[in-house]
Amino acid sequence: MKRSFGLMVLASVITMGSAVAQTYPSKPIQLIAPFGPGGDADLSARNLAAAAQAHLSQPMVVMNRAGAGGTVGTLAVRDAAPDGHTLLLSRVGSHAIAPAIQPGLKYKWNEFTFISLLELNPMVCVVRADSPIKTLADLVESLKRNPGKLTYSTSGTGTLLNFATQTLFDAAKLGKAAAVEVPYKSGGEAVTAVASSQADFSCTNLGPALPLMRGNRVRALVQTVPERFKDLPDVPTAREAGYPQLEAMVGWSALVGPPNMPKDVVNRLSSAMAKIGADPKWISGTEKIGGMPKPTTPEETAKFVAEQVAVYERLGKLLNIEIK
């Protein structure tokens, strides 16, 4: 009798799971971007939302939940109902760096349901377009001549923008206090600060920097990808500039959800992402915001994030960066 009851319960759960998948999504999907408007997370989320409706029966609505280097919005999704109607535009800073260097963080990187990687984002170090600093070597030399005098903008201590700059300082043997950090809520705000003379330079994601580069408001000194990005044919790579250590600094976006999402719902989203990944409009939109399309399976996504966490655990120890 007990066995029969158990089988009945199991059959009921399977039936319910299939029913959920057949009706999912039953309402608009809330996509949390854990950084402010204008940054890579926001741009990537809106590009995904624009493409998603053609492949899902409900719209995807982007909600910005900025704060604490992306951890506020990330935690909100970790604690959301696992029905697939609240998802996260995960970023390297909030999903790999913070778990790697912040022992007291309220979530762990693997307490989520992984769905797909979206894109990789090269980084660039930029100065104002009219800056006398013309090359990365010029920047390093200026930092050596004026220790602690220049300012650099980031999206917060312990974020990718902070790590990239500190990696440059370490590679050039300048010391952690070579320049003064000026934190902002997003990469978009950080690069705008350079354009508006509120900061001298920033090592930031390419996405929010591209419009300012095209408008001749900021100039890129270096890019972190091994080969020159097609939209930046005149900007040297980190290796060409003499700092191959910067190649480890690359942004990315991924689509993840709360823990314990039903497998059928994950499969539905994964299938939709495979179609979105082949959508010319989504690909074009990704490239326009400085991204390199990189959709993956849920298993591949989890493996990629695990590898990223390991990278920043190592760098955190090497550079002595930890957030208490």
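Our structure's up above, just so we're on the same page.
## Here's the deal with the layout of surface pockets
Stage number 1. Reported here for the largest pocket is a volume of approximately 260 Å³.
Stage number 2. The wall of the largest pocket is formed by 16 residues, among which Pro99, Ala100, Ile101, Gln102 and Pro103 lie closest to the centre.
Stage number 3. Those elements giving two or more residues to the lining of the largest pocket turn out to be helix H4 (92–101) and helix H11 (298–319).
Stage number 4. Broken down by class, the residue content of the lining of the largest pocket amounts to 8 nonpolar, 4 polar and 4 charged.

## Quick word on the environment of arginine 219
Stage number 1. Mapped onto the elements, arginine 219 comes out in strand E9 (residues 218–223).
Stage number 2. Taking the C-alpha atoms as reference, arginine 219 lies 9.9 Å from valine 194; in sequence the two are 25 residues apart.
Stage number 3. A polar side-chain atom of arginine 219 sits 2.4 Å from the main-chain carbonyl oxygen of isoleucine 133.

## Some words on the environment of asparagine 121
Stage number 1. On the secondary structure map, asparagine 121 appears in strand E4 (residues 113–121).
Stage number 2. Between the alpha carbons of asparagine 121 and aspartate 40 there is a distance of 8.2 Å; along the sequence they are 81 residues apart.
Stage number 3. If we ignore the near neighbours within four places in the chain, the residues touching asparagine 121 are Asp40, Arg91, Asn205, Val250, Gly251, Trp252, Ser253, Gly290 and Gly291.
Stage number 4. Separated by 2.7 Å, the side chains of asparagine 121 and arginine 91 make a polar contact.

About the thresholds
- Residues numbered from 1 in each chain as written.
- Predicted model: local features only at pLDDT ≥ 70, side-chain atom pairs only at ≥ 80, totals over all residues.
- Heavy atoms only, no water.
- 1 Å grid on protein atoms, 1.4 Å probe; cavity = no way out; pocket = protein on both sides within 12 Å on 5 of 7 lines; lining within 4 Å.
- Points joined across faces, edges and corners; volume = space filled by probe spheres on them.
- Helix = DSSP H or I, 4+ residues; strand = E, 2+ residues; numbered from the N terminus.
- Nonpolar A, V, L, I, M, F, W, Y, C, P; charged D, E, K, R; others polar.
- Polar contact = N/O pair within 3.5 Å; in protein donor to acceptor, adjacent residues only side chain to side chain.
- Contact = heavy atoms within 4.5 Å.

Everything listed here is a matter of coordinates, which is why it stays silent on function.
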